[in-house]
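Architecture at a glance
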Amino acid sequence: MVNKIGLMVVAAAVLGACAPRDVVLEGPQPGYVEDAAARVAAVDWSRAESVEVRLTEYAFDPKNLTLRAGKPYRLQIENVGTGSHTFVSEGFFQSIAVKQLVGSESAISSPFLKTVAVSPKTVRELTFVAVRPGTYRLECTVPLHASFGMVGEIVIQ
Ligand SMILES: [Cu+2]
């Protein structure tokens, strides 16, 4: 019988070599906010609220984020762990108007996000307007991480 720690060590050894990458779709995409560009243009970005979420082995901290529809945000997604992680929430990505996703090496302005990859000791910043109210599951899609507890919830009120 393999215990949980043993399984984590095996998983880290097997999966450590393949770092996850961003996945961004070409638009237009069904399901995403249609007038995202107009919504991004309409808000005052100087009033954007900063929110932080930290990624570790194997958790999101905080685990739950609550946002308000119509408000602009700067979400700092910081990987303070030692392995690569992802920030994935299809429902959330389809419910926001994305302005930009920036990192140390790239800036993405496509609104059709699918996977945000965060290397160890790096920060990605996602600027967006929260649009559609709902409760959305958040997870890390690196194999086994979600089953180790790397899940959360994003609420847009
Ligand atoms: Cu992870």
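Residues numbered from 1 in each chain as written. Predicted model: local features only at pLDDT ≥ 70, side-chain atom pairs only at ≥ 80, totals over all residues. Heavy atoms only, no water.

1. Quick notes on the coordination of the copper ion
By definition of the ideal shapes, a tetrahedral metal site with four donors has angles of 109.5 degrees and an octahedral site with six donors has angles of 90 or 180 degrees. Coordination sphere of the copper ion, protein contribution only: His-85 (ND1), Cys-140 (SG), His-145 (ND1) and Met-150 (SD), at 2.0 to 2.6 Å. Coordination at the copper ion comes from four donor atoms whose angles at the metal span 89 to 134°, giving a geometry best classed as tetrahedral. Every donor residue of the copper ion comes from the same chain, spaced as H-x54-C-x4-H-x4-M. Remark: Met-150 occurs in the loop between strand E11 (134-139) and strand E12 (151-156) and Cys-140 occurs in the loop between E11 and E12; sequence separation between them is 10 residues. When its relative accessible area of 1% is taken as the criterion, Cys-140 is described as buried. (Donors = N, O, S within 2.8 Å, 3.2 Å for Na, K, Ca; no water. Tetrahedral: all angles 85-135°; square planar, octahedral: opposite > 155°, others 65-115°. Helix = DSSP H or I, 4+ residues; strand = E, 2+ residues; numbered from the N terminus. Buried < 20%, exposed > 50% of the residue type's maximum accessible area, 1.4 Å probe, protein only.)

2. Details of the sheet that holds strand E6 (residues 85-87)
In space, the three strands of this open sheet follow the order E1-E9-E6, with antiparallel pairing throughout. Strands at the two margins of the open sheet, each flanked by one partner only, are strand E1 (23-24) and E6. Pairing geometry for E6 and strand E9 (residues 113-118), over three bridges, is antiparallel. In the sheet register, Phe-87 faces E9, and the bridge partner there is Val-116. (Pairing = 2+ DSSP bridges.)

3. Quick look at unusual backbone geometry
Geometrically, the link from Gly-27 to Pro-28 is a cis peptide bond, its omega value of -5° lying close to zero. For Pro-28, the location among the structural elements is in the loop between E1 and helix H2 (36-42). Residue Tyr-58 is reached from Glu-57 by a cis peptide bond, and omega for that bond is -10°. Position of Tyr-58 relative to the elements: it lies in the loop between strand E2 (49-56) and strand E3 (59-61). Positioned with a positive phi, Lys-121 is a non-glycine residue whose angle comes to about 60°.

4. Observations concerning the sheet that holds E12
The strand order E4-E12-E11 describes an open sheet built from three strands, whose pairing is mixed. Strand pairing shows two members of the sheet lacking a second neighbour, strand E4 (64-67) and E11, which therefore form its edges. For this sheet, the mean inter-axis angle between neighbouring strands, taken without regard to orientation, is 20°. Two elements, E4 and E12, share four bridges in a ladder whose sense is parallel. Residue pairing across strands places Leu-65 opposite Ile-154, the latter belonging to E12. (Axes fitted to C-alpha atoms, helices over the stretch in contact; angles between N-to-C directions.)

5. Topic: the nonpolar core
Formed by 33 residues in total, the largest nonpolar core has its most connected members in Leu-67, Leu-75, Phe-87, Phe-92, Phe-93, Leu-126 and Phe-128. Dropping the residues within four chain positions of it, Leu-67 is found in contact with Val-51, Tyr-73, Phe-92, Phe-128, Ala-130, Ile-154, Val-155, Ile-156 and Gln-157. By size, the runner-up hydrophobic cluster in this structure holds eight residues, among which are Val-40, Trp-45, Ala-48 and Val-129. (Core = buried A, V, L, I, M, F, W, Y, C linked by side-chain atoms within 4.5 Å. Contact = heavy atoms within 4.5 Å.)

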